[in-house]
Amino acid sequence: MPSKNSINRPKQTVNLHRKAQKAGKKRAARERAGQFNPARSSDSSRSGEIKSVSLDLYRAGKVENGAGNGTASTNGAVTSRTLSKKRAKKIERNLKYAEQRRLLTDLTAKLEDSNEGMEIDAVGGGRAKKVEKKTALGQVKEALWNVIEDSSSQGLVIGSGQGTTLGGPMFP
């Protein structure tokens, strides 16, 4: 039979069929050996999850040892995958912080849900001002902003005069 790249090469379907057969044989051999991963769509698949060997070892140690730190496996198997005490403490601390963040987000969501029915619409439609202690500096700032708002809303009013300071005519 001629080679794949020769002029008298066989049809493409023959090559594809041979390739599919070979892949099927390899897949069947891996499945028989127990090395076959589940499909990405199955529930037991971890294709979308983050892979962390140390976190897996920590969780496996928690299951085996109860409340232990997960540093040693009790099944007697020799393995090169171990988890140090320092890393186990770090994982434990990070899990604690993640739990605190989750509780905080749940609490804020509950507060927002409970406050939705209690909102009051402003009648004036203006800015809502907070009630706070008024210090001397705060009173001065408020007075200055009131003057600026009043002057900008009225427009510029100039009294009638004979001209400008430069002597030219003035057009009001």
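Source: prediction; values computed, not measured.

A. Focus on the overall build of the protein chain. When its secondary structure is counted, the protein chain shows 4 helices and 0 strands. In the protein chain, the succession of helices and strands from N to C terminus is α-α-α-α. Looking at the protein chain as a whole, 7% of its 172 residues are labelled buried. Relative to all contacts within the protein chain whose residues are 6 or more apart in sequence, the contacts with residues 24 or more apart total 28%. For the protein chain, the exposed surface amounts to about 16100 Å²; the carbon and sulfur share of it is 55%.

B. Structural view of a positive patch on the surface. Taken together, K22, K25, K26, R27 and R30 make up a surface patch of like positive charges. Assignment of secondary structure puts K22 in helix α1 (residues 12-33). A residue is classified by how much of its surface remains accessible, and K22, at 57% relative accessible area, is exposed.

C. Looking closely at the side chain of S45. With respect to the helices and strands, the residue S45 is situated in the loop between α1 and α2 (53-65). According to the relative accessible area criterion, S45 is buried, its value standing at 14%. In this view, S45 contacts P38, A39 and R40; residues no more than four positions away in its chain are not counted.

Conventions and cut-offs
Residues numbered from 1 in each chain as written. Predicted model: local features only at pLDDT ≥ 70, side-chain atom pairs only at ≥ 80, totals over all residues. Heavy atoms only, no water. Helix = DSSP H or I, 4+ residues; strand = E, 2+ residues; numbered from the N terminus. Buried < 20%, exposed > 50% of the residue type's maximum accessible area, 1.4 Å probe, protein only. Contact = heavy atoms within 4.5 Å. Areas by Shrake-Rupley, 256 points an atom, 1.4 Å probe, with all protein chains shown as cover. Patch = residues over 30% accessible without salt bridge, like charges linked within 9 Å, V, L, I, M, F, W, Y side chains within 5 Å. Salt bridge = Lys/Arg side-chain N within 4 Å of Asp/Glu carboxyl O. Lys, Arg positive; Asp, Glu negative; His and termini not counted. Charge placed at Lys NZ, Arg CZ, Asp CG, Glu CD.

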